[in-house]
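# Coordinate analysis (summary)
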Amino acid sequence: MFIVVLILLLLIGVSNVIYRFVPFVPVPLIQIILGACITVIPQGIHLMLQPELFFILFIAPLLYNDGKHTPRAELWRLITPILLLSVGLVFATVFVVGYTIHWMIPTIPLFVAFAFAAILSPTDSVAVNSLAGRINLPKSLIRLLEGEGLMNDASGLVAFKFAIAAAVTGVFSLQKASLSFLIISIGGLIVGAAIAFLIIGIRQLLRRAGLEDATMHILIQLLTPFLLYLIAEQLNVSGILAAVAGGIVHAIENDRIECEISNIKVVSNNTWAVYLFILNGLVFVILGTQIPDVSSVIFKDPGFNDVVVIGYAIVIFAILLVLRFIWTFLFTRGSKVFGTASEETTSIKEIVMTTLSGVRGAVTLAGAFSMPLMLHNGELFPQRHLIIFLSTFVILLSLLAASILLPLIAKKTLPLDDTEMVTVENEWHKHILEAAVRHLQQESNQSNEEAVEAVIAEYNRLIHQLGLKGNSTNRVFRINRMEVAMRIEAIGIERNYVREKFENGDITKNHAQYYYNMLDQVEIMLTSSFRMWLLVFKRLLARLQASFFLSSNPVGVLFTEQDVSVLRGLRIQSGQKVIDQMGTLCTPESKNDPSQCVVAYYKQILNHLKNLHVQKKHRDQDFDETRKELHWLAVQAERYEVQNLYEQGKIDRGLAAQLRRIIRDREVSLYERIELG
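From a predicted model like this one, the values you see are computed outputs, not experimental measurements. (Residues numbered from 1 in each chain as written. Predicted model: local features only at pLDDT ≥ 70, side-chain atom pairs only at ≥ 80, totals over all residues. Heavy atoms only, no water.)

This part takes up helix α2 (residues 27-40). Three- or four-residue spacings in an α-helix give side chains the same orientation, since the helix completes a turn every 3.6 residues. With 14 residues, α2 ought to run about 20 Å at 1.5 Å a step, and its terminal C-alpha atoms sit 20 Å apart, in line with that. Restricting attention to buried positions, one finds in α2 the residues V27, P28, L29, I30, Q31, I32, L34, G35, A36, I38 and T39. (Helix = DSSP H or I, 4+ residues; strand = E, 2+ residues; numbered from the N terminus. Expected span 1.5 Å × (residues − 1). Buried < 20%, exposed > 50% of the residue type's maximum accessible area, 1.4 Å probe, protein only.)

Written as structure tokens, this is what we have:
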């Protein structure tokens, strides 16, 4: 089991790396595929899904967190459509789809068909959230889907519970079932809120007693959703709704005492981010591990026609879509479902997007596996394997339909011309520079205040340039392929010059190796991803060889100010060598364009180094080291902001790649300016 858990966690990381290169495929689908792959390989992982453990281990904390972060004002404003989707549509699905399944597959008894339809009714908020950021769905639609995901798990599972009880015992009372549904649902909300208030009171008592240890408070937070779920289930009310209610109550409390426990809140956010990342990934990887075994049972059974069974799944999924579309259409015409003005009507496009966004997921599969093996009279539960297979296939179809069709339907912008593209790039470039400034401000303290102000001043200068009409700051930092080739050729000239100086005895071995390492780093920054990995591998082998066979190693050597002066002089001399040899390659028209002529770039570096001694009189070594560290922190903050914007769907893949290139190219310039500064 320990090996299995390690492999599952590894697959979560691999799925996010794959998503980085194929962003048009949602992460949940990648994780399902990886989970299926490790099952079909020889001696693969075969993990038995335990529904009760699955619900408490995954569903409870995920819904608790959703309750904490769902905007309560939006939730209340959309309460009517949320209830119509999470309760009304669930029961409509149970009856319509249930009768259809029984008519289409007579071997599935009516109440078993109702139970099957009940587990197909809940949508998966985790999958919806992963799609929403990539496709850039309207915010009002996202809020509606989040609210639906919070509530329909409980209504679907309660309906499933009564349908299973009727199928097993053969006894059903509509009046009793309706009353029990209200008790279970309302009771779950009340119990969850009450326990949440109790836990909040305990935490406040601990803080008043002086126990402000962040680790202890985070532990209480992590245990809270499990306590909510377990206690509610022991009281025969909805543990899922208890988790949701507890999350909402804790969100209210966090808003009220935010200033008192800011440190705990920061640690809590970081801890929950990792925790939820793991849980979300495990849900879909485990789902993927179930698919091969479930499919093999049906495909190997001669009693089933494979084509017909797949046809059943497609028909069921189509019915779910049609029913969701009709239900949404009937209850959104002329209403304020999407937060629009009363005179506005919800468009067909929004209704279609709402229909496709009803992705099925973890709750559906867990419900299918929780079906009993035997009936009350000792007979086998009818068509259990078929129901599990059909549930799995419907989940895959819903994910595929949402992934393929939603991007085609979602609003797209018209192609921009070159001028408009530069303007858009400049605006987002300015945005990521401002994000870096905010990060630097957070890093500021008494010991580094002066260095922080210096780096922020540089960023503010860049932001100001980007704000000037008709500026070309982006173009200055953008390096085209021709210049990359010229820059790499220039690095070769520098290497040859340094080797000659070393062979003539003008510089020491440590000076030469340090300079080689600096040139290697610049070359790695400039090259493509594939070439970069080859270079990194080559440098790693060289480092290993040096560590075994060389007596000295420049890594970790502490240079004096005199050594730095020698290296700075070597940089000026090698740069001048590049200018002398490559100056003839520049035409008169290209000399004023840094993106066309590498000589202009080297002249800029040399001017910076020649004037550096004037600035050094007012700065010490600690200041310079701090400034370097802050520069790299700011660059990483820029990269993080680009990735964050892309994951939120605010920028597309092409613009994200362009912004990353701008950051990389400016990083090269920054590295060469400050490495010997």
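Our focus in this paragraph is the packing of aromatic side chains. Given two aromatic rings, their pairing is described by the distance between the two centres and the angle made by the two planes. Applying the stated criterion to the full structure yields 8 aromatic pairs. Their ring planes at 85 degrees and their centres at 5.2 Å tell us that Y99 and F114 sit as a pair that is edge-to-face. Of the two residues, Y99 sits in helix α5 (residues 79-104) while F114 sits in helix α6 (residues 110-120), which places them 15 residues apart along the sequence. Among the residues examined, F114 registers a relative accessible area of 8% and is labelled buried. Here the aromatic residues F95, Y99, F111 and F114 are joined through ring pairs into a cluster of three or more. (Phe/Tyr/Trp six-rings, centres within 6.5 Å; stacked < 30°, edge-to-face > 60°.)

On the surface, a cluster of nonpolar side chains totalling about 690 Å² of accessible area is made up of M1, F2, I3, V5, L6, I7 and L9. Looking at the secondary structure, you find I3 in helix α1 (residues 2-21). (Patch = residues over 30% accessible without salt bridge, like charges linked within 9 Å, V, L, I, M, F, W, Y side chains within 5 Å. Areas by Shrake-Rupley, 256 points an atom, 1.4 Å probe, with all protein chains shown as cover. Salt bridge = Lys/Arg side-chain N within 4 Å of Asp/Glu carboxyl O.)

Before going further, it helps to spend a moment on the environment of E443. Inspection of the secondary structure assignment puts E443 in helix α17 (residues 418-443). Sequence-wise, E443 and L633 are 190 residues apart; in three dimensions their C-alpha atoms are separated by 9.2 Å. What E443 contacts, discounting residues up to four positions off in sequence, is N448, L630 and L633. (Contact = heavy atoms within 4.5 Å.)

Here we come to the packing of helix α15 (residues 362-369) against helix α16 (residues 384-409). In contact at an axis separation of 9 Å, α15 and α16 are set at 175 degrees when each is read in the N-to-C sense. Comparing their axes, α16 and α15 come out roughly antiparallel. Together, T364, L365, A368 and F369 of α15 and R384, I388, S391, T392 and I395 of α16 make up the contact between the two elements. Considering only residue class, the contact of α15 with α16 consists of 5 nonpolar, 3 polar and 1 charged. (Axes fitted to C-alpha atoms, helices over the stretch in contact; angles between N-to-C directions. Parallel < 35°, antiparallel > 145°, perpendicular 65-115°, else oblique. Nonpolar A, V, L, I, M, F, W, Y, C, P; charged D, E, K, R; others polar.)

Working note: non-glycine residues mostly have negative phi, and peptide bonds are mostly trans. Even without being glycine, N236 reaches a positive phi, approximately 60 degrees. With respect to the secondary-structure elements, N236 resides in the loop between α10 (214-234) and α11 (239-256). Positive phi values are uncommon outside glycine, yet Q383 reaches one of about 55 degrees. Relative to the assigned elements, Q383 resides in the loop between α15 and α16. On the accessibility criterion, Q383 (23% relative accessible area) is partly exposed.

What follows is about the confidence of the model for the protein chain. Considering every residue of the protein chain, the mean pLDDT works out to 76; 76% of them sit at 70 or more. Averaged pLDDT values for the elements of the protein chain fall to 47 in helix α19 (residues 473-477) and rise to 90 in α10. Contacts of residues 472-477 to residues separated by more than four positions or lying in other chains number 15 contacts, the stretch itself having pLDDT below 50. (pLDDT = per-residue confidence, 0-100.)

The next point concerns α15. Counting buried positions along α15 gives 8 out of 8 residues, so the element sits mostly inside the fold. Listed in full, the buried residues belonging to α15 are A362, V363, T364, L365, A366, G367, A368 and F369.

So, on to the side chain of T224. Tracing the backbone through its elements, the reader meets T224 in helix α10. Since its relative accessible area comes to 1%, T224 is described here as buried. Beyond its immediate chain neighbours, meaning those up to four positions away, T224 contacts Y64, I199 and H250.

Its location among the elements puts S121 in the loop between α6 and α7 (125-135). Given the relative accessible area of 5%, S121 is considered buried. Discounting chain neighbours no more than four positions away, the residues touching S121 are V90, T93, N152, G156 and R360.

Quick look at the packing of α1 against α2 now. With their axes 9 Å apart at the nearest point, α1 and α2 run at an angle of 135 degrees to one another. Judged on the interaxial angle alone, α2 and α1 are oblique. Where α1 crosses over α2, the two elements pack in a sense that is right-handed. For the pair α1 and α2, contact is made by I7, L8, L11, I12, V14, S15, N16, I18 and Y19 and by V27, I30, Q31, L34, G35 and I38, respectively. Its residues placed into classes, the contact of α1 with α2 shows 11 nonpolar, 4 polar and no charged. (Left-handed = near helix turned anticlockwise from the far one by under 90°.)

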